[in-house]
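Chain by chain, the residues run as shown.
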Amino acid sequence: MVTRDPRIDAYIEKSPPFARPILKHLRAAVHKACPDVVETLKWSHPSFEYKGMLCGIATFKQHCAFGFWKHELVVDKHDIKSRGAMGSFGRVTSMDDLPPKALLTRYIKKAMKLNEDGVKVVRAKTTKNKKPVTMPPALTAALAKNKKAKATFDAFRPSHKKEYMEWIGEAKGEVTRARRVAQAIEWMAQGKSRNWKYANC
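Residues numbered from 1 in each chain as written. Predicted model: local features only at pLDDT ≥ 70, side-chain atom pairs only at ≥ 80, totals over all residues. Heavy atoms only, no water.

Enquirer: What should I look at first to understand unusual backbone geometry in this one?
Expert: Backbone phi values are negative for most residues with the exception of glycine, while trans is the configuration of most peptide bonds. For Trp 43, which is not glycine, the phi dihedral falls at a positive 55 degrees. Examined against the element boundaries, Trp 43 turns out to sit in the loop between strand E1 (38-42) and strand E2 (45-49). By relative accessible area, which is 60% here, Trp 43 ends up exposed. Unusually for a residue other than glycine, Lys 51 sits at a positive phi of about 55 degrees. When you line up the elements, Lys 51 lands in the loop between E2 and strand E3 (53-59). (Helix = DSSP H or I, 4+ residues; strand = E, 2+ residues; numbered from the N terminus. Buried < 20%, exposed > 50% of the residue type's maximum accessible area, 1.4 Å probe, protein only.)

The structure is reproduced here in structure tokens:
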């Protein structure tokens, strides 16, 4: 049974005139290849689910996009040329930018099979070169002069220690740094974490 989400109808109607036939074509293709597909909105864009996320469509001022959730495992690199945009088929500005019906159907079926088999996509983790957090000398000196504050700091979890160290270490000038150190010592002498206002330590 074909089920349609009225929010997607509204999305298509609000899209630029050039985009409407493209979106309607893609929507129909998904339903034809996957009769049990469920429509929904994800990140404010029409999305299609079948045993998990399957694919989605989006429209912009001058182009549309269609993407498979497991794009890397679905689309053959030699079949589709990159057009420098999000989605599996790059910038789609007309029906000519879409793959032939047979190929599109094959991709949809392939995406369905991946979901049926529970295949997961292993996405590369992005690692940011963050500088290690070090103990600011000004904080070390101030803690040495206040036993209560030092006892609190020593008993803190690593995350709480890091919050104070980052806050003081990020100070741009000496005046700001001194003010933060004084505030930190006052709070720690009271047994408080850096973000004590928002969470219980």
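Enquirer: When you look at the sheet that holds E1 in this model, what are you seeing that I'm missing?
Expert: The strands making up a sheet are joined through hydrogen bonds of the backbone, oriented either antiparallel or parallel. With antiparallel pairing, four strands are arranged side by side in an open sheet as E1-E2-E3-E4. Where the open sheet ends on each side, the last strands, each with one partner, are E1 and strand E4 (64-68). With strand direction ignored, the average angle separating the axes of adjacent strands in the sheet is 20 degrees. By the bridge criterion, three bridges tie E2 to E3 in an arrangement that is antiparallel. Bridge pairing in E3 places Phe 48 opposite Cys 55. (Pairing = 2+ DSSP bridges. Axes fitted to C-alpha atoms, helices over the stretch in contact; angles between N-to-C directions.)

Enquirer: What is the right way to look at the packing of aromatic side chains in this model?
Expert: Each aromatic ring pair is characterised by the separation of its centres together with the angle its planes make. All chains considered together, the criterion is met by eight aromatic pairs. Aromatic pair Trp 43 and Trp 69: ring centres 5.7 Å apart, planes at 10 degrees, arrangement stacked. Within this pair, whereas Trp 43 is found in the loop between E1 and E2, its partner Trp 69 is found in the loop between E4 and helix H3 (71-74), the two being separated by 26 residues in sequence. For Trp 69, a relative accessible area of 38% gives the class partly exposed. Aromatic side chains Trp 167 and Trp 187 sit 5.9 Å apart centroid to centroid with 15 degrees between the ring planes, which places their arrangement in the stacked category. Here Trp 167 is found in helix H7 (residues 158-169), whereas its partner Trp 187 is found in helix H8 (residues 174-189), with 20 residues between them in sequence. You'll find Trp 167 and Trp 187 in the same group, each marked buried. (Phe/Tyr/Trp six-rings, centres within 6.5 Å; stacked < 30°, edge-to-face > 60°.)

Remember that the coordinates give geometry; whether it matters functionally is a separate question.
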